[in-house]
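Observations on the three-dimensional arrangement
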There are 4 protein chains.
Amino acid sequence: MYHKIIIVGNLGRDPEMRFTPNGQPVTSFSVASNRRYTGADGQMVNETIWFRVTVWGKQAESCNQYLRQGSRVLVEGTLIPDTSTGSPRIFQRRDGTAGASFEVRAQTVKFLSARGETAEGAMLEAEPQETIEGEDEIPF
Amino acid sequence: MYHKIIIVGNLGRDPEMRFTPNGQPVTSFSVASNRRYTGADGQMVNETIWFRVTVWGKQAESCNQYLRQGSRVLVEGTLIPDTSTGSPRIFQRRDGTAGASFEVRAQTVKFLSARGETAEGAMLEAEPQETIEGEDEIPF
Amino acid sequence: MYHKIIIVGNLGRDPEMRFTPNGQPVTSFSVASNRRYTGADGQMVNETIWFRVTVWGKQAESCNQYLRQGSRVLVEGTLIPDTSTGSPRIFQRRDGTAGASFEVRAQTVKFLSARGETAEGAMLEAEPQETIEGEDEIPF
Amino acid sequence: MYHKIIIVGNLGRDPEMRFTPNGQPVTSFSVASNRRYTGADGQMVNETIWFRVTVWGKQAESCNQYLRQGSRVLVEGTLIPDTSTGSPRIFQRRDGTAGASFEVRAQTVKFLSARGETAEGAMLEAEPQETIEGEDEIPF
DNA sequence: TTTT
DNA sequence: TTTT
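Residues numbered from 1 in each chain as written. Chains lettered and ligands numbered in written order. Predicted model: local features only at pLDDT ≥ 70, side-chain atom pairs only at ≥ 80, totals over all residues. Heavy atoms only, no water.

1. Digging into the overall build of chain A
Threshold: Helix and strand definitions here come from DSSP, where helices need a minimum of 4 consecutive H or I residues and strands a minimum of 2 consecutive E residues; each element is numbered from the N-terminal end. The cut-offs for exposure are 20% and 50% of the maximum accessible area for each residue type, with area from a 1.4 Å probe on protein chains only; residues under the lower value are buried, those over the upper are exposed, and the others partly exposed. Any pair of residues with heavy atoms lying within 4.5 Å of one another is described as a contacting pair. The accessible surface values rely on the Shrake-Rupley method and a 1.4 Å probe; as for residues, cover is taken only from the protein chains in view.
Within chain A one finds two helices and nine strands. Counting every position in chain A, which comprises 140 residues, the buried fraction comes to 54%. Sequence separation of 24 or more characterises 64% of the internal contacts of chain A that already satisfy a separation of 6 or more. Accessible surface, chain A: about 6300 Å² in total, of which carbon and sulfur atoms supply 44%.

2. As for the packing of aromatic side chains
Operational definition: Any Phe, Tyr or Trp ring, taking Trp's six-membered ring, that has another such ring centre within 6.5 Å forms a pair; planes under 30 degrees apart are called stacked, those over 60 apart edge-to-face, and the others tilted.
Counted by the stated rule, this structure contains six aromatic pairs over all chains. Plain terms: the ring middles of Phe 51 of chain A and Phe 102 of chain A are 5.9 Å apart, the flat faces sit at 45 degrees to each other, and that makes the pair tilted. Residue Phe 51 of chain A is found in strand β4 (residues 44-56), and its partner Phe 102 of chain A is found in strand β8 (residues 102-111); the two are separated by 51 residues along the sequence. As far as the burial class goes, Phe 51 of chain A and Phe 102 of chain A line up, both buried. Members of the aromatic cluster, connected to one another through ring pairs, are Phe 51 and Phe 102 of chain A together with Phe 51 and Phe 102 of chain B.

3. Some words on the relation of the copies chain A and chain B
Turning one copy of the chain about an axis and sliding it along that axis gives the other copy, so a rotation and a shift relate them. Put simply, the test is: For the least-squares superposition of copies, only C-alpha atoms count, and only for residues with pLDDT at least 70 in both.
Of the transformation superimposing chain A on chain B, the axial component is 0.0 Å and the angular component is 180 degrees, with the fit at an RMSD of 0.1 Å. Here the transformation between the copies is reduced to the relation of a two-fold axis. Of every C-alpha in chain A, the one belonging to Ile 5 of chain A sits nearest the axis of rotation, 2.2 Å from it. Of all interface residues in chain A, 100% are interface residues in chain B too; the two copies therefore contact each other through one and the same surface.

4. Digging into the interface of chain A and chain B
Just so we agree on the cut-off: By buried area we mean the combined loss of accessible area, with a 1.4 Å probe, across both parts when two parts are placed together. In the sections that follow, a salt bridge refers to a side-chain nitrogen of Lys or Arg positioned within 4 Å of a carboxyl oxygen of Asp or Glu. Pairs of N or O atoms within 3.5 Å make up the polar contacts considered here, provided that, within protein, one atom can donate a hydrogen while the other can accept it, and that residues adjacent in sequence are counted only when both atoms are side-chain atoms. Charged residues are taken to be Asp, Glu, Lys and Arg, nonpolar residues to be Ala, Val, Leu, Ile, Met, Phe, Trp, Tyr, Cys and Pro, and polar residues to be all remaining types, Gly included. Pairs of strands are assigned from DSSP output, requiring at least two bridges between the strands.
Taken together, the contact pairs 34 residues of chain A with 34 residues of chain B. Where chain A abuts chain B, roughly 3000 Å² becomes buried across the two surfaces, and 67% of that area is made up of carbon and sulfur atoms. In this assembly, chain A and chain B are joined by zero salt bridges. The tally of links from chain A across to chain B stands at 10 residue pairs in polar contact (both at pLDDT 80 or more). The leading source of residues in the side of chain A that touches chain B is strand β1 (residues 2-11) of chain A, at nine residues. In terms of residue class, the side of chain A that touches chain B is made up of 18 nonpolar, 12 polar and four charged. Of the pairings in the sheet, the one linking β1 of chain A to strand β1 (residues 2-11) of chain B comprises seven bridges and is antiparallel in character. By the bridge assignment for β1 of chain B, Ile 7 of chain A is matched with His 3 of chain B.

5. Side note on the environment of Val 104 of chain D
Residues and elements named next belong to chain D. Of note, Val 104 is situated in strand β8 (residues 102-111). Here Val 104 falls in the buried class, since its relative accessible area comes to 0%. For Val 104 and Val 26, which are 78 residues apart along the polypeptide, the C-alpha to C-alpha distance reads 13 Å. With residues near it in sequence (within four places) discarded, Val 104 still touches Ile 5, Ile 7, Phe 51, Arg 52, Val 53, Thr 54, Val 75, Gly 77, Thr 78, Leu 79 and Ile 80.

6. Observations regarding the pattern of salt bridges
Residue and element names in this part refer to chain A. Counting across every chain of the model gives 16 salt bridges over all chains. As a salt-bridge pair, Glu 76 and Lys 4 come within 2.6 Å of each other at their nearest N and O atoms. Note that Glu 76 is positioned in strand β5 (residues 72-79) and Lys 4 in strand β1, a separation of 72 residues in sequence. Look at Glu 76 and you get buried, because its relative accessible area is 3%.

7. Brief notes about the pairing of β4 of chain A
Residues and elements named next belong to chain A. Sheet topology places strand β3 (residues 25-38) next to β4; 13 bridges connect them, and they run antiparallel. Each residue of the ladder has a partner; that of Val 31, found in β4, is Phe 51. As paired strands, β4 and β8 are joined by four bridges and run parallel to one another. What sits directly across from Phe 51, in β8, is Phe 102.

Here it is as structure tokens:
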């Protein structure tokens, strides 16, 4: 079937890059996305939602290189469920209480800004570039 | 900021409609969405993710009226976090263990099929219709 | 930057597959998507929008094999502009008048039904499967 | 059925606000969205696509007030076809040639930046706020 | 007509 | 843990 999530938000901390046993890079970071709305009681609600994003391959490297705490990104991806329940995975926090998170596997990460970079130009230059095979040889 | 989720899936059970204290209808139902992919080890993975959807107002009524267990829908909406953590809300299951779910507040529900309905035509007739004010008086 | 279009609709005709000079398959088909809404004057408007979709690579083959006139699909992709204007490309119709179309390059095509297929199960079996490298060796 | 477009881009000019005969505000502006990719021939392609956006009601007013040439926005909406062809409407340019554009009716416009504003804070304060009726009285 |  |  299909599901897709699109997020605009800011990194809560610097990203972290790891490698799988066979050398593939994986970068992860948290993204906060805020909404402000007026609730039923007329009160202003300021809601923050946090996403735990993982990105693989070439984009993992550019995210690790160019994103920093506070960077604004657009992330397009898929929610990752616990494979046995189909719901968010429950984990134990250090204090023994149960936690869960919105885990997102990113297909695309776009850099909308970057804090701590000398030039935003450099950022965009480094943005993962799509290679579209056959683009110039459309047979129609 | 912004986030949006779009889901195509099937209802796990018939929807349930309730009313808020001031009479607004709210319908909720669970949607299962399946993905099939080949994992790193070459094995076929069949992943099911469950969403708990709530829909308000007029659409609540048409969803309650026309959707049934097995109906296929497209849902467009927003994930609802726990307001204190920004992550999925943790609840106690009856057996005492902790649970969490992907809670979605629907802005739009489209009926892609309906089980138990005589005609899909009837379904589509019932699909929530947008009223677009001023549509025919564009000043440009 | 970023733009994305998501469409649910039905094929107006059977798809057509071609090959680029270096042998890459490209399949194209038209998708009609209908909306029903109430205009400002209270009149019911039944709007049909047509998209001209192209899909490349493995998905081109499965689309060509399994989709038929009337098949329902979900398409996720990008609009293709005229490279010189950034707007829809203008072409000459056979009668000499000017035409334009909503050209979409698909990243994903999901089969939501298929006319002419004996079983929907067969369809879904053929749905393009994602290979997610490293999926099972998450280092976190 | 369903279709949806999501765009991130910059305004080419200041927005323009008009009113329908019965006083409803409508604001329109053009948004450019750029993509950079490597074509089949290995050459770098820098593609710009232009969208002509219209937004109605309260959001029309805040867009007119806070957006300026160069402002970055996220637009979520629907493509508007020519009602007789289902394709982009063809118009006559002043030089007599035919033109077409990607017309989008916005459901949501999010301000990702604004040029010419003294404070971005003021911007976001003015961002259209959703009123979610019954939000605090969920009956489940 | 924008932006990098 | 972010941002306004």
